[in-house]
Amino acid sequence: MEKNKAGLLERFKQAWRQNPLFSTGMALIVMIIVQTLALTMNSNFASFGDWFQNWLFNWISLLRNNSAIGIIALGMTFVIISGGIDLSVGSVYVAVGAFTMMLLDTGTNGWLQSIGLTGVPAILIALVLAMLFGGILGEGNGLLISYGRMPPFIATLGAMQILRSVTQYFMKLQSPTLPDSYKGIARLSIGGQQLMPILYWAILAGAMYFISRQTTFGRYVFAIGSNERTTQLSGVNVRKVKRRVYALTGFLVAIAAIIQTSRIGSMDYASAGSGFEMDAIAAVIVGGTSMSGGRGSIVGTVFGTLIVAVMNNLLNLIGVDPYLSAAFKGAIIIGAVLLQRKDKA
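Fair warning: this is a prediction, and the values are worked out from it, not measured in the lab.

What counts, and where the lines are drawn
Residues numbered from 1 in each chain as written. Predicted model: local features only at pLDDT ≥ 70, side-chain atom pairs only at ≥ 80, totals over all residues. Heavy atoms only, no water. Helix = DSSP H or I, 4+ residues; strand = E, 2+ residues; numbered from the N terminus. Contact = heavy atoms within 4.5 Å. Core = buried A, V, L, I, M, F, W, Y, C linked by side-chain atoms within 4.5 Å. Buried < 20%, exposed > 50% of the residue type's maximum accessible area, 1.4 Å probe, protein only. Expected span 1.5 Å × (residues − 1). Salt bridge = Lys/Arg side-chain N within 4 Å of Asp/Glu carboxyl O. 1 Å grid on protein atoms, 1.4 Å probe; cavity = no way out; pocket = protein on both sides within 12 Å on 5 of 7 lines; lining within 4 Å. Points joined across faces, edges and corners; volume = space filled by probe spheres on them. Axes fitted to C-alpha atoms, helices over the stretch in contact; angles between N-to-C directions. Parallel < 35°, antiparallel > 145°, perpendicular 65-115°, else oblique. Left-handed = near helix turned anticlockwise from the far one by under 90°.

Novice: Is there a simple way to explain the environment of Ile 307 in this structure?
Specialist: You can see Ile 307 is positioned in helix H15 (residues 298-317). Discounting residues that sit within four places of it in the chain, Ile 307 has contacts with Thr 24, Ala 27, Leu 28, Met 31 and Val 286.

Right under this line is the structure:
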């Protein structure tokens, strides 16, 4: 019996060290248990049914509020696996949000309304243009990195500053309002709950998982992150793949912006998307993706997003000062990177 226990413990340790998805999943389970205990202690329930309903509503709210970060983190996963980084996602988010709102503005300044387009046709055109705009902005990052040979950190840092500044300049005198039909994209109720942002996130996660594991593009992304020089010598167009990685990220950021503007109905151009790059990077790193590239998974990123989301929710439940939440997030990132270094040692 003791021998079996020792063997089981050793296999657990080995899986924890060698399988980032296993360790991330176990960490998520522990976080959920602690969160559930905190939620139970903070409230008084007359019955198990009341407790379960409160727990379920808390999770729906948690998933809905973090769906935008979750979607952006899917794109960031490809970027980091390829050996890059994208600091511009928050600024792309606010730029696409402003662009979409100006397209659909029901006031006199609405771009589509000014040419006679309203209703569902206007919404469909706006959605296509918004996603195309996000992809183009991401493509711009990719061009700077792949053809301009700029370090990803510098290229996306510059894009972050430019996009937010330009957006604020053009929107400082604008107060666009969105049509109610557009708001239904995210506000459509299912069983009395606004579940659409969660469903969009789940569908996109499934699609990105398929792309990462079952397509040539996905395999090339991993290969570039593992050894860019060898991948190039094997005949892969590394520049083209990198451009597509950043374009894909911009496309996903655009979808997140569409969902959030639809759900909230407005956007604060000064602060919207601020910190999204750090939240997305945290989710990806906590999910087991290596900062040096070549290793990671979409499933791990989903787990990482949930861990960060549960941690924030837990800190709120136990009454930790909101100013300290970023400190805990930073500690988790440092801990995750240290574990990666330990695995390589």
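Still more to cover.
Novice: What's the story with the nonpolar core in this structure? I'm lost.
Specialist: Grouped burial of nonpolar side chains is what soluble globular proteins tend to show. The biggest cluster of nonpolar side chains holds 87 residues, and the ones touching the most others in it are Leu 74, Phe 78, Leu 104, Tyr 182 and Val 245. Sort the elements by how many residues they give to this core and helix H13 (residues 238-264) lands first, with 13 residues. Apart from the residues within four sequence positions on either side, Leu 74 is in contact with Trp 201, Leu 204, Ala 205, Met 208, Leu 252, Ile 298, Thr 301 and Val 302.

Novice: Any chance you could explain helix H10 (residues 196-214) here in plain terms?
Specialist: Each α-helix winds once per 3.6 residues, and so residues spaced three or four apart point in a common direction. The end-to-end C-alpha distance of H10, which contains 19 residues, comes to 27 Å, matching closely the 27 Å that a straight helix rising 1.5 Å per residue would cover. Listed as buried for H10 are Met 196, Pro 197, Ile 198, Trp 201, Leu 204, Ala 205, Met 208 and Ser 212.

Novice: I'm lost on the pattern of salt bridges in this one. Help?
Specialist: Close approach of charged atoms lets side chains of opposite charge pair. For the structure shown, the criterion picks out 3 salt bridges. Measuring nitrogen to oxygen at the nearest pair gives 2.7 Å for the salt bridge that ties Glu 139 to Arg 243. With Glu 139 in helix H7 (residues 119-146) and Arg 243 in helix H13, this residue pair connects regions lying 104 residues apart in the sequence. Residue Lys 242 is joined to Glu 228 by a salt bridge in which the shortest nitrogen-to-oxygen separation is 3.0 Å. One end of the pair, Lys 242, is in helix H13; the other, Glu 228, is in helix H12 (residues 228-233), and 14 residues separate them in sequence. Under the relative-accessibility criterion, Lys 242 is labelled buried at 15%. With relative accessibility at 33%, the residue Glu 228 sits in the partly exposed group.

Novice: For this particular structure, what's the right way to read empty space enclosed by the protein?
Specialist: Here the structure, examined in full by the defined rule, presents 1 cavity of 30 Å³ or more. By volume, the largest cavity amounts to about 30 Å³. Along its surface, the largest cavity is lined by Thr 77, Phe 78, Ile 81, Ser 212, Arg 213, Phe 222, Gly 296, Ser 297 and Ile 298. The dominant element in the lining of the largest cavity, judged by the number of residues it contributes, is helix H4 (residues 67-81), at 3 residues.

Novice: Any chance you could explain the environment of Leu 39 here in plain terms?
Specialist: Secondary-structure assignment places Leu 39 in helix H2 (residues 20-41). Take Leu 39: its relative accessible area is 5%, and that puts it in the buried class. In the structure, Leu 39 is positioned 274 residues away from Asn 313 in sequence and 9.6 Å away in space, judged by C-alpha atoms.

Novice: Could you clarify how one ought to interpret the packing of H4 against H15 in this entry?
Specialist: Helix packing geometry: the angle between the two helix axes and the distance between the axes. Running from amino to carboxyl end, H4 crosses H15 at an angle of 140°, the nearest separation of the two axes being 10 Å. Classed by the angle they form, the pair H4 and H15 counts as oblique. Considering how the two elements wind past one another, H4 and H15 form a crossing that is right-handed. Residues Gly 70, Ala 73, Leu 74, Thr 77 and Phe 78 of H4 lie in contact with H15, whose contacting residues are Ile 298, Thr 301, Val 302 and Thr 305.

Novice: Just checking my understanding: could you explain the side chain of Asp 279 for this structure?
Specialist: Inspection of the secondary structure puts Asp 279 in helix H14 (residues 276-286). Residue classification places Asp 279 among the buried residues on the basis of a relative accessible area of 18%.

No statement about biological role is implied by the geometric values presented.
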